[in-house]
Number of protein chains: 2
Amino acid sequence: MKLTILGCHSATPKTTTHPTAQILEIKNHSFLIDCGEGTQVQMRKYKVKFSKIKRIFISHLHGDHVFGLIGLISTFRLLNRETELTVYGPKGIKELIVTQLRLSESFAGYPIKFHELSTKKSELIFEDKKVAVYTIPLKHRIYTNGFLFKEKLGERKLNMTEISKYAEIEICDYQNLKNGKDYKLGNGEIIQNKNLTSDPNKPLSYAFCSDTMYHEPIVPIIQEVDLLYHEATFLKDKEDLALKTKHSTAQQAAMIAKKANVAKLILGHFSNRYKDLNEFKIEATKEFINTYLAEEGKTFSIG
Amino acid sequence: MKLTILGCHSATPKTTTHPTAQILEIKNHSFLIDCGEGTQVQMRKYKVKFSKIKRIFISHLHGDHVFGLIGLISTFRLLNRETELTVYGPKGIKELIVTQLRLSESFAGYPIKFHELSTKKSELIFEDKKVAVYTIPLKHRIYTNGFLFKEKLGERKLNMTEISKYAEIEICDYQNLKNGKDYKLGNGEIIQNKNLTSDPNKPLSYAFCSDTMYHEPIVPIIQEVDLLYHEATFLKDKEDLALKTKHSTAQQAAMIAKKANVAKLILGHFSNRYKDLNEFKIEATKEFINTYLAEEGKTFSIG
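If you're wondering where the values come from, they're calculated on a predicted model, not measured in any experiment. All residue numbers refer to positions counted from 1 along the written sequence of the respective chain. Chains and ligands are labelled sequentially in the order written, the chains with letters from A and the ligands with numbers from 1. pLDDT decides what is reported in this predicted model: residues at 70 or higher carry local features, side-chain atom pairs at 80 or more are listed and counted, and totals for whole chains, interfaces and linings draw on all residues regardless. The basis for every side-chain value is the complete set of non-hydrogen atoms in the structure, without hydrogens or water.

Draft legend 1. The arrangement of the overall build of chain A in detail. Runs of H or I in DSSP of at least four residues are treated as helices and runs of E of at least two as strands, each being numbered from the N terminus. Tallying secondary structure elements over chain A gives nine helices and 18 strands in all. With the principal axes as the frame, chain A shows a C-alpha extent of 75 × 50 × 35 Å. Buried means the residue's accessible area, taken with a 1.4 Å probe over protein chains only, is under 20% of the maximum for its type, while exposed means over 50%, and partly exposed covers the values in between. Looking at the 303 residues of chain A, the share that counts as buried comes to 56%. Considering only residue pairs separated by 6 or more positions, chain A has 64% of its internal contacts joining residues 24 or more positions apart. The contact criterion used throughout is that any non-hydrogen atoms of two residues lie within 4.5 Å.

The following block contains the structure:
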């Protein structure tokens, strides 16, 4: 699993700082998470393959998380896209896009599904055989969800050294072994599955939490994720402003990481007022040592 | 009068090419013309003062001319703007912006007036003592206007060498002279105005024509402008495609410039398919010699 940061600043895009957008590569999916103005240009800059994007997850409808979506949707059409696109986001996101398409007398040219969210409980919004995505209800000035991306437990791994000891086990038996079944030899003897296979890799998980004020109810949902991205718009000196605008400080993000016992924390959504972002790391590591700063164009491996 | 190109490519923004946006500085105004995605970042890059922008002119509602508007309007609020903004554009532009503000539970925080256009005749849409702005009805796939920006004829210029010969002409008489009045000396003698003043500077004019197919009815409207920006999405080899998509070729833009007897032509709205833009100049100069290529970040003096 890999996370690439396309933008990690709050509010207004500038020449060197871009609003929130990320690409999560997980089990053959490329998920786009949030889509501030200019995301499509950042995607080009960092060589994201447009055709790989089939699902877009939008946390909330503030401009710095969604104003780039209509441009990207339009560009998909200009690239002659045919494959379906699914957009997950707050109720209203369909109106936002459809109104703009109607007024520009445009059309997508490919199927777009809108999966509109409105519940305030964590819910499963996408799954296939290998991956599940859940919402993480956040607390911001507007209805907002984070997203929890979880790999599913994979198949058991074949122990070829052991298997090769039994001439009668054939390739066509492998799937049953991967599924955990014991093997019955021709003489009736049972070989236990655990003697022929080993445990699957631990499923990895990534939690995206932006924008939100300090909000402990998310802790059980993101418990022990391998990577947590948590917004840290401000430093502790602006804790009042964080409270007022329903954002978090670096310290608060780190406290959430510690309480949830996550493996690694990335901070982002930095206010443009801060020139030296290293202060965010210094503040956070006092609470939670394994903290990193989001950085445009940087790819983080997960697990 | 000065024109700065912020973006001059069609359709999709890329890392090095941006969609249409221009700043026209005319008689103390800074007019923003069109506002494709990323315009606010281009404004920062080329040091455009955000607070100077009081009027925005939008030609049509295709994304590459308007998707940056909501972001700019939002940024104005974050910059604590208080002064009124007037947006001129096709009917629907108000709904486009208001819908996005409503769904993001945002507000502008300063007054925005929408001056919605729907007639298909050239009309005066703004004037003050020094400047007038008219629409130029264009022919595109969607309702589209170009804009004609005209200085008004200024006051007559004082000829101080002549005036100083008459001790009795005082400073308080100057405005009458500037307005063209003759001067009556105390002895009853009349000094003709033309002996005390010279003609005002020739008023300058700029015509912005994008997007449009080859459309001769605009010729009388833009007759003899000092500068014409005319779209040239394609070269002549794609004339069929230009016709189909209701765009122009470089040759067609130049033919319009020639028929309108303009002083200077700038081509822009280039399709991203062309790598060597010099071909546009080569093609156009066969019809109209004084042709230039739009270039991001470049400022053209008018007059």
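Draft legend 2. Quick look at the relation of the copies chain B and chain A. For the pair chain B and chain A, the relating rotation is 180°, the translation along its axis is 0.1 Å, and the fit reaches an RMSD of 0.1 Å. Put plainly, the chains are arranged around a two-fold axis. Ranked by how close their C-alpha atoms come to the rotation axis, the residues of chain B are headed by B:Gly38, at 2.9 Å. The overlap is high: 100% of the interface residues of chain B also sit at the interface in chain A, so the same surface is used on both sides. Superposing copies: least-squares fit, C-alpha atoms only, residues required to have pLDDT of at least 70 in both.

Draft legend 3. A look at the interface of chain B and chain A. Every contact between the two is made by 33 residues of chain B and, on the other side, 33 residues of chain A. Buried surface at the junction of chain B and chain A, both sides included, amounts to about 2,800 Å², of which 63% is carbon and sulfur. Interface area lost by chain B to chain A is led by B:Glu37, B:Phe67 and B:Leu103, which between them contribute 22%. Here a salt bridge means any side-chain nitrogen of Lys or Arg lying within 4 Å of a carboxyl oxygen belonging to Asp or Glu. Ionic pairing is found between B:Glu95 and A:Arg102, a salt bridge with its closest N-O pair at 2.5 Å. Under this definition, polar contacts are N or O atom pairs within 3.5 Å; protein pairs additionally need one hydrogen-donor-capable and one acceptor-capable atom, and for neighbouring residues in sequence, both atoms have to be side-chain atoms. If you look at where chain B meets chain A, you find eight residue pairs in polar contact (both at pLDDT 80 or more). For the side of chain B that touches chain A, the elements supplying multiple residues, two or more each, are helix H1 (39–45), helix H3 (69–78) and helix H4 (93–103) of chain B. Sorting elements by how many residues they give to the side of chain B that touches chain A places H4(B) first, with six residues. Throughout this entry, Asp, Glu, Lys and Arg are counted as charged residues, while Ala, Val, Leu, Ile, Met, Phe, Trp, Tyr, Cys and Pro are counted as nonpolar. The remaining residues, Gly among them, count as polar. In terms of residue class, the side of chain B that touches chain A is made up of 10 nonpolar, 15 polar and eight charged. The term buried area means the drop in 1.4 Å probe accessible area that two parts suffer when joined, counted for both and summed.

Draft legend 4. A look at unusual backbone geometry. Omega for the peptide link from A:Ser210 to A:Asp211 comes to -5°, which places this bond in the cis form. Positive phi, close to 60°, is recorded for A:Asn80, a residue that is not glycine. Assignment of secondary structure puts A:Asn80 in the loop between helix H3 (69–78) and strand S5 (85–90). Among the residues examined, A:Asn80 registers a relative accessible area of 63% and is labelled exposed. The phi dihedral of B:Asn261 falls on the positive side, at around 55°, and the residue is not glycine. Inspection of the secondary structure puts B:Asn261 in the loop between helix H9 (250–259) and strand S16 (265–268). For B:Asn261, a relative accessible area of 44% gives the class partly exposed.

Draft legend 5. Broad picture of the sheet that holds strand S2 (residues 21–26) of chain B. Residue and element names in this part refer to chain B. Pairing is mixed in the open sheet, where seven strands are placed in the order S6-S5-S4-S3-S2-S1-S18. The open sheet is flanked by strand S6 (112–117) and strand S18 (299–301), the only strands paired with a single partner. Averaged over all pairs of adjacent strands, the angle between their axes in this sheet comes to 20°, without regard to strand direction. A strand pair is defined by DSSP finding two or more bridges across the two strands. Across five bridges, S2 lies against strand S3 (residues 29–33) in antiparallel orientation. Residue pairing in the sheet places Ile26 in a bridge with His29 of S3. On the sheet, H3 packs against S3, strand S4 (53–57), strand S5 (85–90) and S6 and is oriented at approximately 165° with respect to S4. With axes taken as lines fitted to C-alpha atoms, and helix axes fitted only over the stretch in contact, angles between N-to-C directions fall between 0 and 180 degrees. Each of S5 and S6 touches H4; the most contacted strand, S6, lies at about 145° to it.

Draft legend 6. Quick look at the pairing of strand S8 (residues 131–137) of chain A. All names here are of chain A. In terms of burial, S8 is largely enclosed, as six of its seven residues are buried. One ladder, built from three bridges, connects strand S7 (residues 124–127) with S8; its direction is antiparallel. The residue of S8 that forms the bridge with Phe126 is Val133. Between the antiparallel neighbours S7 and S8 lie three residues. Two elements, S8 and strand S9 (residues 145–151), share seven bridges in a ladder whose sense is antiparallel. Across the sheet, residue Val131 finds its bridge partner in S9, namely Glu151.

Draft legend 7. Inspection of the pattern of salt bridges at higher detail. All names here are of chain A. As enumerated under the stated definition, the model contains 20 salt bridges over all chains in all. Between Lys152 and Glu127 there is a salt bridge, with the nearest N and O atoms lying 2.6 Å from each other. Taken together, the positions of Lys152 in the loop between S9 and strand S10 (157–158) and Glu127 in strand S7 put the pair 25 residues apart, joining distant regions of the chain. A relative accessible area of 27% means that Lys152 is categorised as partly exposed.

Draft legend 8. Representation of H4(B) in the model. Inspection of H4(B) places B:Ile93, B:Leu96, B:Ile97, B:Thr99, B:Gln100, B:Leu101 and B:Leu103 among the buried residues, and these make up the whole buried set. Contact partners of the buried residues in H4(B): helix H4 (93–103) of chain A together with helix H2 (63–66), H3, S5 and S6 of chain B. Downstream of H4(B) by a residue or two, B:Glu105 has a phi angle that is positive, lying close to 50°.

Draft legend 9. Main features of the packing of aromatic side chains. Centre distance within 6.5 Å is the pairing criterion for rings of Phe, Tyr and Trp, where only the six-membered ring of Trp is used; planes under 30 degrees apart are then read as stacked, over 60 as edge-to-face, and the remainder as tilted. Under the defined criterion, the tally for this structure stands at 26 aromatic pairs over all chains. Centroid distance B:Phe31 to B:Phe57: 5.1 Å. Interplanar angle 75°. Geometry classified as edge-to-face. Here B:Phe31, found in strand S3, pairs with B:Phe57, found in strand S4; they are 26 residues apart in sequence, far enough to count as distant. Each member of the pair B:Phe31 and B:Phe57 is classed as buried. Through a chain of ring-to-ring contacts, three or more aromatic side chains come together here, namely A:Phe31, A:Phe57, A:Tyr88, A:Phe126, A:Phe147, A:Phe149 and A:Tyr206. The ring of A:Tyr110 carries A:Arg81 above its face, with NZ or CZ at 5.3 Å from the centroid. Remark: a charge is flagged as sitting over a ring if the NZ atom of Lys or the CZ atom of Arg is within 6 Å of the ring centre and within 35 degrees of the ring normal. Over the face of the ring belonging to B:Phe107 we find B:Arg77, whose NZ or CZ atom lies 4.9 Å from the ring centre.

Draft legend 10. The arrangement of the nonpolar core in detail. Side-chain atoms within 4.5 Å link the members of a nonpolar core, which is a set of buried Ala, Val, Leu, Ile, Met, Phe, Trp, Tyr and Cys residues. Formed by 60 residues in total, the largest nonpolar core has its most connected members in A:Leu32, A:Leu69, B:Leu32 and B:Leu69. Setting aside residues no more than four positions away along its own chain, A:Leu32 makes contact with A:Leu6, A:Ala21, A:Gln22, A:Ile23, A:Thr39, A:Met43, A:Ile53, A:Arg55, A:Ile56, A:Phe57 and A:Leu72.

Draft legend 11. Spatial organisation of the packing of H4(A) against H4(B). At their nearest, the axes of H4(A) and H4(B) sit 10 Å apart, and the two run at 175° to each other. In terms of orientation, H4(A) lies roughly antiparallel with respect to H4(B). Here H4(A) contributes A:Glu95, A:Leu96, A:Thr99, A:Gln100, A:Arg102 and A:Leu103 to the contact with H4(B), which in turn contributes B:Glu95, B:Leu96, B:Thr99, B:Gln100, B:Arg102 and B:Leu103. Its residues assigned to classes, the contact of H4(A) with H4(B) shows four nonpolar, four polar and four charged. For this classification, under 35 degrees means roughly parallel, over 145 means roughly antiparallel, 65 to 115 means roughly perpendicular, and everything else is oblique.

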